[in-house]
Amino acid sequence: VGFGRHRHSVKTWCLRNFNVWQLGGIGLAFAFTSATVSREVGLYLQELPLAAFIQTINLLNLGLAVWAIPELDLSQWKPLLEKLTGWGKTETDRFDRIVIVAVIWVVVLGAALNVLSYQRHPHITDEVSYLYHARYLAAGMLTMPMPPVLEGFNLNLFDSDGARWFCSPPPGWPMVLSVGVFLGVAWLVNPLLAGLNVFLAYLVLRELYDRRLARVAALLMAVSPWYLFQAMSFMTHISALAFLLIAALGIIWARKSGRFGWALLSGMAVGTVGLIRPLEGAIVALLIGVWIIGVGGQRLKLSAIAEWICGGAVLGAVVLFYNKVLTGSPTKFPIMLWADKTYGPKSNAMGFGPDRGMGWQLDPFPGHGPLDALVNSNLNITAINTELFGWSIGSILLIALFLFSRKLHGSDWLMLALAGAVYTAHFFYWFSGGPDFGARYWFLMILPCIVMTIRGFQILSGKFTRDPGESTFPKTRLLAMVAAMCLLTMTNFVPWRAVDKYYHYLQMRPDIRSLAEKSNFGKSLVLIRGEEFPDFASAAIYNPLDWRADQPVYAFDKNNDVRAKLLQAYSDRPIWIVNGPSVTKEGYKIVEGPISAQQALTFAPQLTRQESLFR
């Protein structure tokens, strides 16, 4: 209703500045990324127009609010907004205080979220695996000895060969995380890397674009929920982004300085990305490799290219050696061997086929084909629309405006190439990444998404500035609108997500730590009843690396046969029986203990899943 009196002038302005096909493309992108596809087509057909309508109402409300700001107030805010973003004048100081503040903000907020929301505790199976892996690497172990009773201690993503027990995911991120484990601050590793990434992104974008865009990109990273919640987690993606940025910066500095040591550093950084996430490593190697031979930038000398290749080869050799030790074949990754044994041959392989996938409910259709890929694309794009900035109008609008403007030039093509390569590679992978931490498999897209958002803003503000007869301070009004949306994100979206989603996410909680101290478990065997995930996995991360250590050992009370084997293996210890969160619907609760192994043998058996659900 309030917007009605402006609609004629808005329509006239839009048609004067955009073609009809551009407006149509931007509108479709705005609408179709507002809701996620559903197995129930009828539900999706209801949700999509409703979500698009809500985004539209939010857009109109924000427009009216900014439109109503008096000229006098805008004149007072203009210096502050332009100083914050660097949009008002060209600055030449090498030390950018605003960026340093953004770096500190990300480190502090990421650490605070990890402590307060995440409780310094892993919440998905991947994180349990990474943290466990980091623990035994920090202790100087490449693998662990077999547990006394494998069925009572085995976890998802863990494999064994009868003599050794080990995590199957790649070792790159656990190696980085092990430094934090060794220092007793594993929870601080990702927040610190996240802050470093903000600074690295600023350095890279300052070279590819200019200081203004680089500073705004740093500020947007610092308020992006997608980025902040990755910074909070124990996931791999922040570290992969860090080494991608180091690789890009190494090439930029090699070109500027002529010192080829930077090319060697870049190659090693590319290899490290592969050591962390092999598919992303292949993507980065391809893109940087094409870049250094002159596509999209100045060609490096042959000697520098050789150094880059050598740097990557060194880390590649680490991967081959690691694979050989664990699987017997340099080219067979432990994660692929585990998937083949657990879910069938080629279940985790790239490409299309009926044998792809692990049968999860989050997988759209059996196997993997183009239709699955399109559904996965929708899941990730809509996640970006929600999580990238947490804006009530969606996060895609300015990106769509930029893409449909046909104003790409220079480094824009590099950003588009990175986003396109990430998308294309994952088009042929069967899983979208699920609901954990936004479009996490597409996380390397975050910098291109932020840059394209800023470029969309530049194009939009340029059209206002060139349009005679419009109100004064058009760029200041747009800056005020973006600032208002970011403020709403930090006061509404981030706290809501931190409390409503990630606190005790998936019923993973660290209560067993305090319960062990309060009840003085000591040197005992603690049988965890419930499900392997979350009940046992949430406790297992606190197991000692020595299965005979003088401290509590947590085992999965899987069934009566496994319990009997566990009690025989630990017959010299007092026994505690604890119900997990999926059973209690709260935290961990002691059922009985301390009791002897003989008493535990005759204690009420572990509930079946059906009995647990019934109760």
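Residues numbered from 1 in each chain as written. Predicted model: local features only at pLDDT ≥ 70, side-chain atom pairs only at ≥ 80, totals over all residues. Heavy atoms only, no water.

Draft legend 1. Quick peek at the sheet that holds strand β3 (residues 164-167). The three strands lie next to each other as β1-β3-β2, forming an open sheet whose pairing is antiparallel. Across the chains shown, the open sheet's two edge strands, defined by having one partner strand only, are β1 (144-145) and β2 (158-160). Pairing between β1 and β3: two bridges, direction antiparallel. Residue P145 lies in a different strand from β3, and its bridge partner there is R164. Contacts between helix α16 (residues 334-343) and the sheet are confined to β2 and β3, with β2 contributing the most and set at about 85 degrees to the helix. (Pairing = 2+ DSSP bridges. Helix = DSSP H or I, 4+ residues; strand = E, 2+ residues; numbered from the N terminus. Contact = heavy atoms within 4.5 Å. Axes fitted to C-alpha atoms, helices over the stretch in contact; angles between N-to-C directions.)

Draft legend 2. Geometry of the side chain of H6. Mapped onto the elements, H6 comes out in the segment before α1 (7-17). According to the relative accessible area criterion, H6 is buried, its value standing at 12%. Dropping the residues within four chain positions of it, H6 is found in contact with L64 and W67. (Buried < 20%, exposed > 50% of the residue type's maximum accessible area, 1.4 Å probe, protein only.)

Draft legend 3. Structural view of the pairing of β3. As paired strands, β2 and β3 are joined by three bridges and run antiparallel to one another. Looking across to β3, one finds that D159 is bridged to F166. Counting the residues between successive antiparallel strands, the hairpin from β2 to β3 contains three residues, one of them, G162, with a positive phi of roughly 95 degrees.

Draft legend 4. Helix α19 (residues 412-427), seen in detail. In this model α19 runs 22 Å from its N-terminal to its C-terminal C-alpha over 16 residues, within 8% of the 22 Å that 1.5 Å per residue would give. Those residues of α19 lying buried are D412, M415, L418, A419, A421, V422, A425, H426 and F427. (Expected span 1.5 Å × (residues − 1).)

Draft legend 5. Region of the structure containing the packing of helix α9 (residues 189-208) against helix α10 (residues 211-222). Across the interface, α9 lies against α10 with an axial gap of 8 Å and an inter-helix angle of 155 degrees. Taken together, the axis directions place α9 and α10 in an arrangement best described as roughly antiparallel. Between α9 and α10 the crossing geometry is right-handed. Where α9 abuts α10, its residues N197, V198, A201, Y202, L205 and R206 lie against R211, L213, A214, R215, A217, A218 and M221. Its residues placed into classes, the contact of α9 with α10 shows nine nonpolar, one polar and three charged. (Parallel < 35°, antiparallel > 145°, perpendicular 65-115°, else oblique. Left-handed = near helix turned anticlockwise from the far one by under 90°. Nonpolar A, V, L, I, M, F, W, Y, C, P; charged D, E, K, R; others polar.)

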